[in-house]
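Fold and contact review
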Amino acid sequence: MSPDGGLGRELTALRRGWGLETVGLRGRVGPLLSAWCELHRTKNDREARRVLRDAVENAIKDFPEGDQLAVRFALCIEPGAQHPQLSDRVEILRGRLRVAERTARRRIDRAFARLAAEIEAQTQCDPDEPDPDKGWFVKRLKAVVQLDKAAPTVVEERLIVATRDGLSRISARFTVPRTEDGHDAERHVSAGVQYGVRMGEPIREGQRHFRWLLDLPRRLDSGQQHSYALEFQVDDGLPIRTSYAFVPLVTCESVTVRVRFHPDHLPRAVWRLDKVPQSVLADPPQPGAALPLDGTFEVAQDFVAPQLGYAYGIRWLAD
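Below is a short write-up of the structure. (Residues numbered from 1 in each chain as written. Predicted model: local features only at pLDDT ≥ 70, side-chain atom pairs only at ≥ 80, totals over all residues. Heavy atoms only, no water.)

**Quick word on the environment of Pro 292**
The condition that has to hold: Secondary structure follows DSSP: runs of H or I at least 4 residues long count as helices, runs of E at least 2 residues long count as strands, and numbering of each begins at the N terminus. Here a residue-residue contact requires only that any non-hydrogen atoms of the pair lie within 4.5 Å.
Mapped onto the secondary structure, Pro 292 falls in the loop between strand E11 (269-277) and strand E12 (298-304). When the C-alpha atoms of Pro 292 and Thr 242 are compared, they prove to be 16 Å apart, with 50 residues separating the residues in sequence. In this structure Pro 292 touches Glu 298 and Val 299, once residues within four positions along its chain are discounted.

Structure (structure tokens):
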């Protein structure tokens, strides 16, 4: 990968100022680096700093000693390198390597180009059998649950970012959860494309889980974005659980969930689901802080950096 690529630009930006010691680190790390070391799993800057430092150290462990020093000094990792400006750290590196300042800067550029190539190699899939669940992450998800239609309908619009070159196929999943009374039956879901992808035949995984392969209209290279929207309809006539919960299985930066209720069937209570363990969703509902409906009988909630494996969304008590 060229050091001028998206990953190279993110690494260059990260070494400015305080490097990994900067305040608000999680907000400064670019999406490609964030996906590489799964920063969405971290809860604060301190944890993000540790995860990113460990990932970088592992990536450079086979570099020549001088290149390792160049990366550590530039990112403010090396003991004694904690200075607020990159130029200050370059000066210390110059003394450590006993070279001119220009040579020290070239050493940093070379080491970071190699680091970008190493990260890219770690995130590449087998070109013969690429995994459609890997090589991309969700920058933004907007989900609209429509309960005022003949059958419950969900429209999910995603903006994705490729983390490897040549991404051409991804996947989508949809689950109809058991209702609160524990009723379990084979469910039926109709799915269609609103725009942006070509959808394959549904792959049923059990009674309530569905998966689709989605072909992109063009190949994406690392850092490129693409948006698409899918529509799901639970059209078997059976009751649904009174909630919509998004559980990220790949990195996701932000989620907006909107639920529109039927004016003749307004809920008794509506509340937010925020980082809820999946097992808790099957428990009897425990209403949280009430969310008011607006004039169109809708309620919306935003979620930032949801963590993998937890549920985020909206739940309600039926009328």
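**Overview of the sheet that holds strand E8 (residues 225-234)**
Selection rule: Here, strands pair whenever DSSP counts at least two bridges between them. Angles here are taken between N-to-C directions and fall from 0 to 180 degrees, while the axes themselves are lines fitted to C-alpha atoms, restricted in helices to the stretch in contact.
One open sheet accounts for six strands, arranged E4-E8-E2-E1-E10-E12; its pairing is mixed. In this open sheet, the two edge strands, each paired with only one partner strand, are strand E4 (189-195) and E12. The average angle at which neighbouring strand axes cross in this sheet is 15°, direction not considered. Of the strand pairs in this sheet, strand E10 (residues 254-260) and E12 are connected by seven bridges, and their pairing is antiparallel. In the strand pairing of E12, Arg 260 is matched with Glu 298.

**Focus: the sheet that holds strand E13 (residues 310-317)**
Pairing in this open sheet of three strands is antiparallel, and the strands run E9-E13-E11 from one edge to the other. Only two strands of the sheet have a single neighbouring strand rather than two, namely strand E9 (243-246) and E11. Neighbour-to-neighbour, the strand axes of the sheet open up by a mean angle of 15°, direction not taken into account.

**Notes on the pattern of salt bridges**
Stated formally: For salt bridges, the criterion is a side-chain nitrogen of Lys or Arg within 4 Å of an Asp or Glu carboxyl oxygen. When a residue's accessible area, from a 1.4 Å probe over protein chains only, is under 20% of the maximum for its type it is buried; when over 50% it is exposed; and in between it is partly exposed.
For the structure on display, the rule yields 20 salt bridges. In this structure, the salt-bridge partner of Glu 205 is Arg 173, at a minimum N-O distance of 3.2 Å. With Glu 205 in the loop between strand E6 (203-204) and strand E7 (209-220) and Arg 173 in strand E3 (residues 167-175), the pair connects residues that are 32 residues apart, well separated along the chain. The exposure class assigned to Glu 205 is partly exposed, which follows from its relative accessible area of 34%.

**Some words on the environment of Glu 47**
Note on placement: Glu 47 falls in helix H4 (residues 45-59). Given a relative accessible area of 24%, Glu 47 falls into the partly exposed group. Residues Glu 47 and Leu 32, spaced 15 residues apart in sequence, show a C-alpha to C-alpha distance of 18 Å. Setting aside its immediate chain neighbours within four residues, Glu 47 contacts Arg 41 and Thr 42.

**A closer look at the packing of aromatic side chains**
The geometry of an aromatic ring pair is captured by the separation of the ring centres together with the interplanar angle, meaning the angle of the planes. As a reminder of what qualifies: Classification of ring pairs uses Phe, Tyr and Trp, with its six-membered ring standing for Trp, and accepts pairs whose centres are within 6.5 Å; under 30 degrees between planes counts as stacked, over 60 as edge-to-face, and the remaining range as tilted. Counting as a charge over the ring demands two things of the Lys NZ or Arg CZ atom: a distance within 6 Å of the ring centre and an angle within 35 degrees of the ring normal.
The full count for this structure, using the stated rule, is five aromatic pairs. Ring geometry for Trp 212 and Phe 232: centres 5.3 Å apart, planes at 50°, overall tilted. Linking Trp 212 in strand E7 with Phe 232 in strand E8, this pair joins segments that are 20 residues apart in sequence. Of the two residues, Trp 212 and Phe 232, both sit in the buried class. Ring plane angle 70° and centroid distance 5.8 Å describe the contact between Phe 303 and Tyr 312, whose orientation is recorded as edge-to-face. Among the residues examined, Tyr 312 registers a relative accessible area of 4% and is labelled buried. Members of the aromatic cluster, joined through ring pairs, are Phe 174, Phe 210, Trp 212 and Phe 232. The ring of Phe 112 has Arg 15 lying over it, and the distance from NZ or CZ to the ring centre is 4.7 Å.

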